[in-house]
Amino acid sequence: MEWVYIEDIGKYVGKEVEIRGWVYNKRSSGRIRFLLVRDGTGIIQSTAYSKEKDNPIFRAFDELTLESSVIVRGMVKEENRAPGGYELELSEIIPVQIAEDYPITPKEHGVGFLMAHRHLWLRSSKQVAIMKIRHEIIRAIRDFLDIEKKFTLIDAPILTPAACEGTTTLFETDYFGDKAYLSQSGQLYMEAAAMAHGKVYCFGPTFRAEKSKTRRHLMEFWMVEPEIAYYKLDDVIALAEEMIEFIVMRVLERRRKELERLERDINSLEKVKRPFVKISYDEAIELLKKEGFNMEWGDEIGGDEETVLSKKFEKPVIVHRFPALQKAFYMEPDPERPELSLSFDMLAPEGYGEIIGGSERISDYDLLLKRIRENKLPEDAFKWYLDLRKYGSVPHSGFGLGIERTVAWITGVKHVRETIPFPRLLYKIYP
Ligand code: 4AD
Ligand code: MG
């Protein structure tokens, strides 16, 4: 008998098949037994009917508990009343392993309990939907950069000798007697690679030892970082817009079932069409003042401010030209107003806030050296980075997109902890 996956079941109507999975739920009604089986690709209702109380299928059915592993065999039927539209008429139930007292039950559990059981929580249907969408988003990003835009993937190192995004959030480790740090961003390495390949990106885990306990912060998160030689700020903003529209449209096209399972408001995702909203930092401050924030020019736009800005518009908002002092050492100053950096953040709508940070990079050797010194960064560790400004330096730009924040927004889940399989949170590294 052929082993098939539930997502393909429609091709087997009228045929006998085998499904290998786990018990999602079960119930009896008189002489009928209903067994809901999930296999990671879907859930199918399988049914057995018998006039006799004692028969092998009923006996196996009685033995099964929630999340027991099971192989079922039977005939595929179309059935409008069944979830998914198909049903299996059981001919055999083969229990594989009986789960005893599965800890996650249909009743409500606290998030602490669920996080402590993350290894099992991953099986719950909402969690499955979130991970399927995460996968779709990652695939969309790769298709966009690889196929649509012909970028070259360049992997950045994880162990690094110096900071990229500020020295306060570094995870330190011993490197044969020297200090090394877990990478905060692959960007600096992408700048080297862009001078070799023109348009490149890296996609990997990045680390921030941030003592932040917000719904937007993880200690370990995944970032995709395109970097393009000869791109100016406006070029890279346009690329970010195109990429976000591509991702959202792809998820709408291929993961509607999962979005519906999560009760995501599809309508607001359908509005994610270019052009997005663009406001300068100056304008953002004025807007926030009108919204009642007690702010002045030079203040940071923090999480609460981002929430308000991103609720004001139906589309993603691009805030550009932040004060140079707020931003990283490598950002190119605005030639018209050197107190500003040629930087941008993209805020996702509906209160989700920053999902992308990017900028044009300093291409002048002397200015970069000055910034490295002003920031008291170790010059030795940045010698190679300065070299890029000595040998064929060009204007160049790039950005970093945080995967988990993007998944949170697109799936509509509140907290990034549900958007990564095994989140690393403040003081929490189990399981
Ligand atoms: O704005 P960030 O810090 O930018 C950089 O690291 C640049 N070097 C990227 C570049 O230009 N190549 O981080 C980029 C994005 C943020 O917009 C956010 O989506 C995500 O990474 N991010 C985090 N996500 C989860 N938890 C954290 N602690 C995050 N910190 C940043
Ligand atoms: Mg940022």
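Given the structure is predicted, the values throughout are model-derived calculations rather than measurements.

Draft legend 1. The packing of helix α9 (residues 281-290) against helix α10 (residues 303-312), seen in detail. Relative to each other, α9 and α10 sit at 95°, their axes nearing to 11 Å. The orientation of α9 with respect to α10, classified from their angle, is roughly perpendicular. Residue-level contacts link Ala284, Leu287 and Leu288 of α9 to Glu305, Val308, Leu309 and Lys312 of α10. Classifying every residue of the contact of α9 with α10 by side-chain character gives five nonpolar, no polar and two charged.

Draft legend 2. Just the site of ligand 1, in detail. Around ligand 1, a shell composed of 22 residues is seen, among which Glu165, Gln187, Glu225, Glu354 and Ile355 lie nearest. With respect to ligand 1, the backbone of isoleucine 356 contributes an N or O atom lying 3.3 Å from an oxygen atom. A total of 620 Å² of accessible area belongs to ligand 1 in isolation, and the protein chains cover 94% of it. Elements that contribute at least two residues to the shell around ligand 1 include exactly β12 (220-229), β16 (353-361) and β17 (396-402). A per-element tally of the shell around ligand 1 places β16 first, with five residues. Of the residues that constitute the shell around ligand 1, the class distribution is seven nonpolar, seven polar and eight charged.

Draft legend 3. Spotlight on the state of the cysteines. Considering all chains together, one arrives at zero disulfides under this definition. Here cysteine 164 stays free of any disulfide, with the sulfur of cysteine 202 as its closest cysteine sulfur at 9.8 Å. Of the residues examined, cysteine 164 reaches a relative accessible area of 6% and is grouped as buried.

Draft legend 4. Broad picture of a nonpolar patch on the surface. Residues Leu159, Tyr175 and Phe176 make up a contiguous nonpolar surface patch of roughly 380 Å² in combined accessible area. Within the secondary structure layout, tyrosine 175 lies in strand β9 (residues 172-175). With a relative accessible area of 42%, tyrosine 175 lands in the partly exposed category.

Draft legend 5. Fine view of the sheet that holds strand β7 (residues 152-153). With mixed pairing, the eight strands of this open sheet are ordered in space as β7-β11-β12-β17-β16-β15-β14-β13. For this open sheet the edge positions go to β7 and β13 (277-280), each flanked by a neighbour on one side alone. Looking at chain direction, β7 and strand β11 (residues 199-207) are connected through two bridges and run parallel. Across the sheet, leucine 153 pairs through a bridge with tyrosine 201, a residue of β11.

Draft legend 6. Representation of the pairing of β12 within the structure. Summarising burial for β12: eight of the 10 residues are buried, a large majority. As paired elements, β11 and β12 share nine bridges and run antiparallel to each other. From the neighbouring strand, proline 205 faces β12, where its bridge partner is tryptophan 222. Where β12 lies against β17, five bridges are found, and the strand directions are antiparallel. Each residue of the ladder has a partner; that of valine 224, found in β17, is leucine 401.

Draft legend 7. Examining the nonpolar core more closely. Membership of the largest hydrophobic core comes to 54 residues, with the highest contact counts inside it found for Ile141, Ile244, Leu401 and Trp409. Looking at this core element by element, the count peaks at 11 residues for helix α6 (residues 233-254). If near-sequence neighbours (up to four positions away) are discounted, tryptophan 409 is found in contact with Ile244, Val248, Arg264, Leu269, Val272, Pro316, Ala348, Pro349, Glu350, Tyr352 and Ile355. Ile9, Ile19, Val37 and Ile44 belong to the second largest nonpolar core, which has 22 residues in total.

Draft legend 8. Seen up close, the domain arrangement of the protein chain. According to the domain assignment, the protein chain consists of domain 1 (2-97) and domain 2 (118-418). Distance from the C-alpha centre of domain 1 to the C-alpha centre of domain 2: 45 Å. Tallying the contact residues gives six residues for domain 1 and four residues for domain 2. Between domain 1 and domain 2, a total of about 380 Å² is buried, with carbon and sulfur atoms accounting for 38% of that surface. Connecting domain 1 to domain 2 are one salt bridge. The partner of glutamate 67 in a salt bridge is arginine 123, and the shortest N-O contact between them spans 3.0 Å. In this structure, the connection of domain 1 to domain 2 is made through two residue pairs in polar contact (both at pLDDT 80 or more).

Draft legend 9. The arrangement of the sheet that holds strand β8 (residues 159-160) in detail. If you trace the three strands from one edge of the open sheet to the other, you get β8-β10-β9, paired in antiparallel fashion. The open sheet terminates on both sides in strands that have one partner only, identified here as β8 and β9. Summarising the sheet, β8 and strand β10 (residues 178-182) pair through two bridges and their orientation is antiparallel. Looking at the pairing, leucine 159 lines up with leucine 182 of β10.

Draft legend 10. Summary view of helix α1 (residues 56-63). Among all positions in α1, only Ile57, Phe58, Ala60 and Phe61 are buried. Axial view of α1: buried residues confined to an arc of 165°, hence all on one face. The exposed set on the far side of α1, more than 90 degrees from its buried face, consists of Pro56 and Asp62. If you follow the buried residues of α1, they end up packed against β2 (16-29), β3 (32-38), β4 (43-49) and β6 (86-97).

Draft legend 11. The pattern of salt bridges, seen in detail. Within the structure shown, the criterion is met by 37 salt bridges. The partner of glutamate 18 in a salt bridge is arginine 20, and the shortest N-O contact between them spans 2.7 Å. Judged by relative accessible area, which is 4%, glutamate 18 ranks as buried. One salt bridge in this structure joins aspartate 334 and arginine 321, with 3.2 Å as the shortest N-O distance. One end of the pair, aspartate 334, is in the loop between β14 (317-320) and β15 (343-348); the other, arginine 321, is in the loop between β14 and β15, with 13 residues separating them in the sequence. The class for arginine 321 is partly exposed, based on a relative accessible area of 23%. Shared partners join several salt bridges into a network, and the residues in it are Glu136, Arg139, Glu253, Arg254, Arg255 and Glu258.

About the thresholds
- Residues numbered from 1 in each chain as written.
- Chains lettered and ligands numbered in written order.
- Predicted model: local features only at pLDDT ≥ 70, side-chain atom pairs only at ≥ 80, totals over all residues.
- Heavy atoms only, no water.
- Axes fitted to C-alpha atoms, helices over the stretch in contact; angles between N-to-C directions.
- Helix = DSSP H or I, 4+ residues; strand = E, 2+ residues; numbered from the N terminus.
- Parallel < 35°, antiparallel > 145°, perpendicular 65-115°, else oblique.
- Contact = heavy atoms within 4.5 Å.
- Nonpolar A, V, L, I, M, F, W, Y, C, P; charged D, E, K, R; others polar.
- Near = heavy atom within 4 Å.
- Polar contact = N/O pair within 3.5 Å; in protein donor to acceptor, adjacent residues only side chain to side chain.
- Areas by Shrake-Rupley, 256 points an atom, 1.4 Å probe, with all protein chains shown as cover.
- Disulfide = S-S within 2.5 Å.
- Buried < 20%, exposed > 50% of the residue type's maximum accessible area, 1.4 Å probe, protein only.
- Patch = residues over 30% accessible without salt bridge, like charges linked within 9 Å, V, L, I, M, F, W, Y side chains within 5 Å.
- Salt bridge = Lys/Arg side-chain N within 4 Å of Asp/Glu carboxyl O.
- Pairing = 2+ DSSP bridges.
- Core = buried A, V, L, I, M, F, W, Y, C linked by side-chain atoms within 4.5 Å.
- Domains from an automatic or database assignment.
- Buried area = accessible area lost by both parts, 1.4 Å probe.
- Arc of directions from axis to C-beta.

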